[in-house]
Amino acid sequence: MSYLMPALIGHRGVASEAPENTAIGLKRCKALGIKWVELDVTQAGDGSLVMMHDETLERFRKPTERISKMDREALKQVDAGTWFSPVFAGEPLLFLEEALDLVKTLGLGLNLEIKVNPDLPVEPLVNAVVATEGLDALNRGERLVISSFDHTALAQVARQKSEWALGALYEGVTEQWAESLADFTPYSIHTDFETLTPELAADIRAQYPLYCYTVNDPITFQRLLDKGVNGVFSDRAHAPDMRALVVAG
Ligand code: G3P
Ligand code: MG
């Protein structure tokens, strides 16, 4: 049995080495031998799809600025690098189409996580993601998984793109995990590792590939592999101590 995603997936790019969800982060992934990356995409006030985990600019030391109140031009002015290190000063935010171009050029696989902006409706975000050029080509190349904590968003994707692989995300997975999957069939299940009991892992693995976030140390990684987990999202997906645990990183 082969799986779309490898055992080590770069979380937000390579978040221990470069600012998350940025072009420099993607290039660093490639240079460090990471094969698949997880990136977050959300929607701004003007409908732009921007690669961001958060709904505010707090990470960039502007806590009162909300993405829902910003447009593409304003987002282009954001320095998404200095907060991480002055070495990355001036690194811009990425927009989805730019991220897809870069993923394609670098030959990476992509787990695109749809982050619903709590200030904005879900439907336009999903419609805009689905309509973005480049995703179909990645899917055809078996280099795309779309995920979200919002399973209604995934059901909406499934209605338009039944051929796309979907990853159902959970925070605090429970025995009732399958109940939210009535309206679509996921490719894989993605969950935090803290709440994953051996029983739950076995139950999920009997039906779907299983991935955990965010796993940065080899002891936790090995414990999860022992539970049957297929792979992990890691800020250190390039690190030798993590790679040593899998045959093909
Ligand atoms: O997709 C896995 C992981 O990224 C989910 O959590 O908060 O890091 O986006 P978060
Ligand atoms: Mg994420």
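Okay, so let's go over this structure. (Residues numbered from 1 in each chain as written. Chains lettered and ligands numbered in written order. Predicted model: local features only at pLDDT ≥ 70, side-chain atom pairs only at ≥ 80, totals over all residues. Heavy atoms only, no water.)

**Regarding the packing of aromatic side chains**
Applying the stated criterion across every chain yields a total of five aromatic pairs. An angle of 85° between the planes, with centres 6.0 Å apart, marks the rings of W177 and Y208 as edge-to-face. Here W177 is found in the loop between strand 8 (166–170) and strand 9 (188–192), whereas its partner Y208 is found in the loop between helix 7 (198–205) and strand 10 (210–213), with 31 residues between them in sequence. The same class applies to W177 as to Y208, namely buried. Taken together, W83, F84 and F88 form an aromatic cluster joined through their ring pairs. A cation over an aromatic ring shows up here: R59 above the ring of W83, its NZ or CZ 5.2 Å from the ring centre. The ring of F95 has R72 lying over it, and the distance from NZ or CZ to the ring centre is 4.1 Å. (Phe/Tyr/Trp six-rings, centres within 6.5 Å; stacked < 30°, edge-to-face > 60°. Helix = DSSP H or I, 4+ residues; strand = E, 2+ residues; numbered from the N terminus. Buried < 20%, exposed > 50% of the residue type's maximum accessible area, 1.4 Å probe, protein only. Lys NZ or Arg CZ within 6 Å of the ring centre and 35° of its normal.)

**Quick notes on the site of ligand 1**
Taken together, H11, R12, E38, D40, H53, E113, K115, F149, L169 and Y213 make up the full set of residues near ligand 1. Separating an oxygen atom of ligand 1 from a side-chain N or O atom of R12 is a distance of 2.9 Å. Alone, ligand 1 offers 290 Å² of accessible surface; in the complex the protein occludes 92% of this. Considering only residue class, the shell around ligand 1 consists of three nonpolar, two polar and five charged. (Near = heavy atom within 4 Å. Polar contact = N/O pair within 3.5 Å; in protein donor to acceptor, adjacent residues only side chain to side chain. Areas by Shrake-Rupley, 256 points an atom, 1.4 Å probe, with all protein chains shown as cover. Nonpolar A, V, L, I, M, F, W, Y, C, P; charged D, E, K, R; others polar.)

**Side note on the nonpolar core**
Judged by nonpolar contacts, the single largest core of 61 residues is most densely connected at L26, L110, L112, W177, I189 and L196. When neighbours within four sequence positions are excluded, L112 is seen to be in contact with L39, V41, M51, L96, V129, L135, V145, I146 and S147. (Core = buried A, V, L, I, M, F, W, Y, C linked by side-chain atoms within 4.5 Å. Contact = heavy atoms within 4.5 Å.)

**Points about the pairing of strand 9**
Where burial is concerned, most of strand 9 is hidden: five out of the five residues are buried. Residues S188, H190 and D192 line one face of strand 9 and the alternating positions I189 and T191 line the opposite face, and both faces are buried. Strand direction decides the pairing type here: strand 8 and strand 9, joined by four bridges, are parallel. The partner of Y170 across the bridge, within strand 9, is T191. By the bridge criterion, four bridges tie strand 9 to strand 10 in an arrangement that is parallel. When the bridges of strand 10 are listed, I189 appears paired with L210. In this view, the connection linking strand 9 to its parallel neighbour strand 10 by way of helix 7 has right-handed handedness. (Pairing = 2+ DSSP bridges. Right-handed = clockwise from strand over helix to strand, strands pointing away.)

**Quick look at the coordination of the magnesium ion (ligand 2)**
In this structure, E38 (OE), D40 (OD) and E113 (OE) serve as the protein donors to the magnesium ion (ligand 2), at separations of 2.0 to 2.2 Å. Counting the intervening residues between successive donors of the magnesium ion (ligand 2) yields the motif E-x1-D-x72-E. (Donors = N, O, S within 2.8 Å, 3.2 Å for Na, K, Ca; no water.)

**Some remarks on unusual backbone geometry**
Even without being a glycine, R12 presents a positive backbone phi close to 55°. Tracing the sequence through the fold places R12 in the loop between strand 1 (8–11) and helix 1 (23–31). Look at R61: it is not a glycine, yet its phi comes out positive at around 65°.

**Considerations on the pattern of salt bridges**
Taken as a whole and judged by the stated rule, the model has ten salt bridges. In this structure, R66 and D119 form a salt bridge, with 2.7 Å as the shortest nitrogen-oxygen distance. With R66 in strand 5 (residues 62–66) and D119 in the loop between strand 6 (109–114) and helix 4 (122–130), this pair connects stretches of sequence that are 53 residues apart. The network of salt bridges with shared partners includes R12, E20, D40, D54 and R59. (Salt bridge = Lys/Arg side-chain N within 4 Å of Asp/Glu carboxyl O.)

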